[in-house]
Amino acid sequence: MSEVTPIFSLLNISKHFPGVKALDKVQLDLYPGEVTALVGENGAGKSTLVKVMTGIYQPTEGELYLDGKPVNIATPEDAHHNGITAIHQETVLFDELSVMENIFAGHYLQLPSGRLDWKQMEQETIRILSEIEAPLAPKKLLKELSIGQRHMVAIARALSFDARVVILDEPTAALSHREIEEFYAIVYRLQKKGCAILFISHKFDEIYSIADRFTVFRDGCYIGEGKIAEVEEKELVSMMVGRSIDTAFPKTEVDIGDCIIEVKDFCHPTEFDAINFKLHQGEILGFYGLVGAGRTEVMQSLFGVSNNASGQIIVNNKELAIKSPSDAIKAGIVYVPEERQAQGTVLEFPIYQNISLPQLDKLNPKGFLNTATEYSLADKYAKRLKVKAPNWNEKVENLSGGNQQKVVIGKWLATEPKIIILDEPTKGIDIGSKAAVHEFMSELTEQGLAVIMVSSELPEIMGMADRIIVMREGLMVNEFERAQFSAEQLVSAATGMTGELQ
Amino acid sequence: MEKINNSSFETKDIEKKSLPSWVFSWESFLLATTVLVFFINCLASPYFLDPWSLSDATFNFSEKAIIALPLALVIIVRDIDISVASIIALSSTAMGFTAEVTDSLFLICSAGMIVGTLCGALNGLLITRLNIPAIVVTIGTMSLFRGITYILLGDQALKNYPESFSFFGQGYVAPFIGFEFASFLVIAVLFYILLQKTNFGRRTYAIGNNPTAAYYSGINVAKHKLIIFIMVGFFCSIAAIMLTSRLGSTRPTIALGWELNIITMVVLGGVSILGGSGTIVGVVIAVFLMGLVNSGLGLINVPGIVMSIIIGAMLICVIALPGVFQRLRNKVGN
């Protein structure tokens, strides 16, 4: 095999944020006509790297080379000019504009008079779309298209820029099975055109079916690279996680106690319908499904964030009306949200003030702050969760993602809840913190708490849950006991392939 | 091990950090500016240091300053209230009509306070129940309240106030200390305690920094904001009592244009217009600074229009400085 020179290479790239090294001297090479898969767990630094490549972030140090020449990508515009385009999981396009307008937005073709040359643009659109064999009407509005079709528009847009480097950032996450097949075909055509493709995915089957090479990141560091054909899935996984996967989940066997909460006929006008489940003391109930299956919405309704759901919530044999988070907290239900920074913490507050926030009235019944009581409460829980910080006066914004998450969990444990809902509890946090969160979940169940865990990570949910409810399109489609867990069944239930398989 | 680490870090940190962060705080910068203006005033006019002229100067800002205190809370929770001057007008009108029929100070003041509080409640309810942005609601109620006073008063003035009513705007509680100024100081202390020392204050900052996370932490954000808007309405009526008493009459143009002065005090005091930060100490210093600048310029006979140019320029300069400051502080930090 002759060594081809890469179109685009990154060397010794680091990106530091206050308190976090998102990338630490990583490297990446992209070759013409080849698909390179970037593999790593959540929080490995993949999205940060994409942002560096597309000019959204400036690297703290390191060099970028295009065709062997150093290049500076200071803005997203620079990236476009250099033929670098990214297609994201949720593509950023304009709903109210047509396919053609979306493709040419920002670089419209013009007549010499300065007026827009719609005819030329329409012809170009048809040409580009036929090149990727995507049969779309140029004048159709984007909002009328499916997600898969939107991806095609995004790719057509990339081609209209003469893109040579195409970044596909988890493009298949929201696609149906058939759309994925079509998508592969388009990727193949891009490859034949000589584009260098960076493919980011969590799904190994996809990586093995379309990638030629791989690069592995872990915790913001470069781990290794090679040819896909020469590596086994197991090796790839152990490079990713840095240890063998069986030891990752410290699940302890706990006797499952009485039913603590029962949810009956929980319905929402638009998001979910007919949700029924029971949760027992000491149990971890997993909710698995694709992004958008309605899991978060169920949990938020249960926590009272949105209160247009109907149905019964019975906690300890008493029916409760939960109209706001404060009702839920009083009932002993707490929620660790998926959007940690937007919903979980007040970043500008020190750790101790975040931990005391939900129960100020309980701590200071007379209404006057007592910093010492607050601090000792924070001390108890932050230590228990092993939050890494110089002291509890440190602002939460200066902590790493994992430690921020520990603060959120600590805040809720301090309220001494009966039921704790964890929504994607380990999304975007480093491996060490992840393990700490998992360990802690086990500890909680030993103490008789009931845990609901929403997770999209199969190994995590299979490793930790006693029972898994699978949701699809707002409905509960299946329920599995721990003994019955199998990755294939969970995935097919979540994606709706059950019928086809059996 | 961890225990030892934590406690030792803590004390070291406080010793190391407290000095520079205090020196570079917004409040100390404002204080330095205020002292500077004070000395300039002393040089500019021999009459400035006269106790009576100083005392007089306090009357010109105390009423506005009383409203600036609750308004600081509004701005900290990311809202705004520009209807404050119109609330004064409506509240004063209510007092004027009450004074037509009774001489009871209690009834006159109560009428003003009830109307002011209701105006604040109306703002708060529209904002929190109907989810209309505060700026839109209070632009509306600014015209609404002022419009009602014009309709009720036409071009007449209500001046049937009893003799004793003049105390609130013209009386002294001690030599050179006007009732207005004394009230401002007391209310400022109360707001300092409310904002920095109570659960309510902590929640105010939490909402200002991250309303979503505050809501997810069980804070009733809507109720909290409603209370703050009601407070603004109430303190507008207190200011209305003082102003009406000082002027001795109610006209539809009373307190016209005050809202911008009041907002200027709050912003100058270091309350971020984006919400989440700011202190009562800062607002109080800003009140004194503006008072000094106004009285100094007045003593050297600067015309009103030039005065507003100077205040405007000062506001912009002072607001541009935090960026410069931040850079300085970062340098020192490194």
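Scoring rules and cut-offs
- Residues numbered from 1 in each chain as written.
- Chains lettered and ligands numbered in written order.
- Predicted model: local features only at pLDDT ≥ 70, side-chain atom pairs only at ≥ 80, totals over all residues.
- Heavy atoms only, no water.
- Helix = DSSP H or I, 4+ residues; strand = E, 2+ residues; numbered from the N terminus.
- Rg over C-alpha atoms; globule rule 2.2 N^0.38 Å.
- Buried < 20%, exposed > 50% of the residue type's maximum accessible area, 1.4 Å probe, protein only.
- Contact = heavy atoms within 4.5 Å.
- Areas by Shrake-Rupley, 256 points an atom, 1.4 Å probe, with all protein chains shown as cover.
- Lys, Arg positive; Asp, Glu negative; His and termini not counted.
- Charge placed at Lys NZ, Arg CZ, Asp CG, Glu CD.
- Core = buried A, V, L, I, M, F, W, Y, C linked by side-chain atoms within 4.5 Å.
- Pairing = 2+ DSSP bridges.
- Axes fitted to C-alpha atoms, helices over the stretch in contact; angles between N-to-C directions.
- Salt bridge = Lys/Arg side-chain N within 4 Å of Asp/Glu carboxyl O.
- Buried area = accessible area lost by both parts, 1.4 Å probe.
- Nonpolar A, V, L, I, M, F, W, Y, C, P; charged D, E, K, R; others polar.

### Brief notes about the overall build of chain B
Piece 1. Per the secondary structure count, chain B includes 14 helices and 2 strands.
Piece 2. Taking 334 residues into account, the globule formula puts the C-alpha radius of gyration at 20 Å, and chain B, at 21 Å, falls close to it.
Piece 3. A burial count over chain B gives 51% of its 334 residues as buried.
Piece 4. Put simply, of all contacts in chain B between residues at least 6 apart along the chain, 79% involve residues at least 24 apart.
Piece 5. Carbon and sulfur atoms form 70% of the exposed surface of chain B, whose accessible area is close to 15300 Å².
Piece 6. A gap of 13 Å separates the mean positions of the 19 positive and 16 negative side-chain charges of chain B.

### Some thoughts on the nonpolar core
Piece 1. In this structure, Leu69(B), Leu73(B), Ile88(B), Phe165(B), Phe184(B), Phe191(B) and Leu268(B) are the most contacted members of the largest nonpolar core, which totals 95 residues.
Piece 2. Top element by residues in this core is helix α11 (residues 221–247) of chain B. It accounts for 13 residues.
Piece 3. Grouped together as the second largest cluster of nonpolar side chains are 79 residues, Ile260(A), Phe303(A), Ala328(A) and Tyr381(A) included.

### Concerning the sheet that holds strand β17 (residues 419–423) of chain A
All names here are of chain A.
Piece 1. Taken in spatial order, the 6 strands make up an open sheet running β16-β17-β18-β13-β19-β20, and their pairing is mixed. Since the sheet does not close on itself, it has two edges, and those belong to β16 (333–336) and β20 (475–481), each with one partner. On average, adjacent strands in this sheet sit at an angle of 20° to one another, irrespective of strand direction.
Piece 2. The sheet contact formed by β17 and strand β18 (residues 450–454) spans 5 bridges and is parallel. Note that in β18 the partner of leucine 422 across the bridge is methionine 453.
Piece 3. Its contacts with the sheet put helix α15 (residues 401–413) on β16 and β17, and the angle it makes with β16 is roughly 175°.

### Re the pattern of salt bridges
All names here are of chain A.
Piece 1. Across all of its chains, the model carries 16 salt bridges over all chains by this definition.
Piece 2. Between arginine 467 and glutamate 283 there is a salt bridge, with its nearest N and O atoms 2.8 Å apart. Placement of arginine 467 in strand β19 (residues 467–472) and of glutamate 283 in the loop between β12 (275–280) and β13 (284–289) is noted, with a sequence separation of 184 residues between them. For the pair arginine 467 and glutamate 283, a shared accessibility class is recorded, and that class is buried.
Piece 3. Between aspartate 379 and lysine 383 there is a salt bridge, with the nearest N and O atoms lying 3.0 Å from each other.

### Notes on the interface of chain A and chain B
Piece 1. Chain A puts 39 residues into the contact, and the matching count from chain B is 24 residues.
Piece 2. Around 2500 Å² of area is buried between chain A and chain B when both sides are counted, 53% of it from carbon and sulfur atoms.
Piece 3. Among the salt bridges present, the one from Arg202(B) reaches Glu374(A), with a minimum N-O distance of 2.6 Å.
Piece 4. Breaking the side of chain A that touches chain B down by element, the ones donating at least two residues are α10 (325–330), α11 (340–344), α12 (351–356), α13 (360–363), α14 (371–384) and α15 of chain A.
Piece 5. Per element, the largest residue contribution to the side of chain A that touches chain B is 4 residues, and it comes from α11(A).
Piece 6. Partitioned by chemical class, the residues of the side of chain A that touches chain B number 20 nonpolar, 13 polar and 6 charged.

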